[in-house]
Amino acid sequence: MRALVISKPGGPEVLSLQDRPVPQPGPGEIRVRVHASALNRADLLQRRGNYPAPPGAPADIPGLEYAGEVDAVGEGAGLWAVGNRVMGIVGGGGHAEYVVVHEREGIRIPQNLSWEEAAAIPEVFLTAYDALFRQLDLAMGERLLILAVGSGVGTAALQLASAAGATVIGTSRTGAKLKQAMEMGLEVGVDTSKEDLAEAVNQATYGSGVHAVLDLVGGKLLEASLRVVALRGRVVVVGTTGGSKVEVDLGLLLRRRIHLFGTVLRSRPLEEKIALAREFSNAVLPLISSGRIRPVIDSVFPMDAIRAAHERMEENASFGKIVLTW
């Protein structure tokens, strides 16, 4: 099979397509012929040598998600048949023509989705769903602040939160991205290149703040967001593109009894990933099948143009997902 390989830590020039053996499914596993995948910030970090793959995942083949059809089933696997359309997340290796996963990790692809649309769903929608409803316990009528609302996870979280009846405030450093997000249901947009986050949120909420924060940035924006969290509010940190170190006012944390915690999906045990996949299938797939929630695609690149795809993401100009196809 063809696979995208990282030859050594570095820039996009270290990426190349190489031939690798086709993996074989073991007991309870399925092999998926991948038609499309997508690019994530983690792939850029792995390429630079800053985010190694977890144990069990290919060390030099990036890719955290896939969309394709079942090509083979291992012994005892009976959930899927050859030819079934499935999507899902992997710890690595998604940028190859074949992946092997546990059968219960697979998620059915709704009939109304193309391969490209399906590939834009798993990583960002599973991450957003887990963060919003399994970590933050977001409820109807609450106010949610999303830092980097124009990102892949940001656009997914915006749709999921809106569908759940929450009011969403979002940030971006680009006015055009905020305008696009407003068309998707964003109530208030904050351009952090021009506005002070705390002042803008306090003005929008009449000083009452937000009940929950989905932080996809980290750095100084985390400190600013803590100043607008309401009493007993919750903050979950999912990404650190803005920096992994920040000063936190612990007095503020104590006085408002804020719950601050972090989460990561990639390195979780198999059992947790299976539970999330099954819960997601029951809770979110109906919304996707009905068209109420749709993947947001910024651009589509063939896999042999992977360097250009990495450059596109590094420019920070994308809105939604960058999809890769075979």
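Now for a look at the structure at hand. (Residues numbered from 1 in each chain as written. Predicted model: local features only at pLDDT ≥ 70, side-chain atom pairs only at ≥ 80, totals over all residues. Heavy atoms only, no water.)

1. Observations regarding helix α9 (residues 270–283)
Quick note on the threshold: To qualify as a helix, a DSSP run of H or I must reach at least 4 residues; to qualify as a strand, a run of E must reach at least 2; elements of each kind are numbered from the N terminus. By definition here, a helix of n residues has an expected span of 1.5 Å times n minus one. Accessible area is worked out with a 1.4 Å probe on protein chains only. A residue is then buried under 20% of its type maximum, exposed over 50%, and partly exposed in between. Here, two residues are considered to be in contact whenever any of their heavy atoms come within 4.5 Å of each other.
With 14 residues, α9 extends 20 Å from end C-alpha to end C-alpha; this agrees with the ideal 20 Å at 1.5 Å per step. Among the residues of α9, Lys273, Ile274, Leu276, Ala277, Arg278, Phe280 and Ser281 are the ones counted as buried. Those residues of α9 that are buried lie in contact with β6 (98–102), β7 (107–108), α3 (122–135) and α10 (285–289).

2. A short note on helix α6 (residues 197–204)
For clarity, the threshold we go by: What the arc covers is the set of directions going from the helix axis to the C-beta atoms.
All buried positions along α6 are accounted for by Leu197, Ala198, Ala200 and Val201. When α6 is viewed along its axis, its buried side chains cluster within an angular range of 165° and face the same direction. Relative to its buried face, α6 has exposed residues pointing more than 90 degrees away, namely Glu199 and Gln203. Check the buried side of α6 and you find it contacts β8 (143–147), β9 (167–172), β10 (188–191), β11 (210–215) and α7 (220–226).

3. Here's the deal with the pairing of strand β4 (residues 65–73)
To be explicit about the condition: In this description, strands pair whenever DSSP reports at least two bridges between them.
As judged from the six bridges shared by strand β3 (residues 29–39) and β4, these two strands associate in the antiparallel manner. Bridge pairing in β4 places isoleucine 30 opposite valine 73. As paired elements, β4 and strand β5 (residues 85–89) share five bridges and run antiparallel to each other. Each bridged residue has a counterpart across the sheet, and for glutamate 65 the counterpart in β5 is isoleucine 89.

4. A closer look at the pattern of salt bridges
In plain terms, the rule: Salt bridges are defined by distance alone: a side-chain nitrogen of Lys or Arg within 4 Å of a carboxyl oxygen of Asp or Glu.
The tally for this structure, following the rule as stated, stands at 14 salt bridges. The salt bridge partner of arginine 134 is aspartate 130, with a shortest N-O separation of 2.9 Å. Taken together, the positions of arginine 134 and aspartate 130, both in helix α3 and four residues apart, correspond to about one turn of that helix. Residue classification places aspartate 130 among the buried residues on the basis of a relative accessible area of 2%.

5. Focus: the environment of alanine 224
Tracing the backbone through its elements, the reader meets alanine 224 in helix α7. Since its relative accessible area comes to 8%, alanine 224 is described here as buried. As for alanine 224 and alanine 198, which are separated by 26 residues in sequence, their C-alpha atoms are 5.8 Å apart.

6. Description of the side chain of aspartate 43
Formally: Asp and Glu are treated as the negative residues and Lys and Arg as the positive ones, with His and the ends of the chain left uncounted. Two N or O atoms count as a polar contact when they lie within 3.5 Å, although within protein this holds only if one can serve as hydrogen donor and the other as acceptor, and sequence-adjacent residues are included solely when both atoms are side-chain atoms.
Tracing the backbone through its elements, the reader meets aspartate 43 in helix α1 (residues 41–47). No salt bridge is formed by the buried aspartate 43, whose closest oppositely charged neighbour, arginine 266, lies at an N-O distance of 5.9 Å. Separated by 3.0 Å, the side chain of aspartate 43 and the backbone nitrogen of glycine 63 make a polar contact. Ignoring any residue separated from it by four or fewer positions in sequence, one finds aspartate 43 in contact with Ala38, Pro62, Gly63, Leu64, His95 and His310.

7. Things to note about the packing of α3 against α9
Helix packing for two helices is described by the angle between their axes and how far apart those axes are. For the record, the criterion: Here, axes are lines fitted to C-alpha atoms. For helices the fit covers the stretch in contact, and angles between N-to-C directions go from 0 to 180 degrees. Convention used here: angles under 35 degrees read as roughly parallel, angles over 145 as roughly antiparallel, angles from 65 to 115 as roughly perpendicular, and any remaining angle as oblique. Residues were grouped as follows: Ala, Val, Leu, Ile, Met, Phe, Trp, Tyr, Cys and Pro as nonpolar; Asp, Glu, Lys and Arg as charged; and all remaining residues, including Gly, as polar.
Put simply, α3 and α9 touch, their axes get as near as 11 Å, and they point 90° apart. As far as their axial angle goes, α9 and α3 are roughly perpendicular. Touching Phe125, Leu126, Tyr129, Asp130 and Arg134 of α3 are Ala275, Leu276, Ala277, Glu279, Phe280 and Ala283, all from α9. Within the contact of α3 with α9, the residues separate by chemical class into eight nonpolar, no polar and three charged.

8. What about the pairing of β11?
The criterion, for reference: Look down the strands so they point away from you; if the path from the first strand over the helix to the second goes clockwise, the crossover is right-handed.
Taken across its six residues, β11 has five buried, putting it largely inside the fold. Where β8 lies against β11, four bridges are found, and the strand directions are parallel. By the bridge assignment, isoleucine 146 is partnered in β11 with leucine 214. Taken together, the five bridges between β11 and strand β12 (residues 229–237) define a ladder with parallel strand orientation. Considered in β12, the bridge of leucine 214 is made with valine 236. Crossover connection from β11 via α7 to parallel β12: handedness right-handed.

Keep in mind that these numbers describe shape and distance, not what the molecule does.
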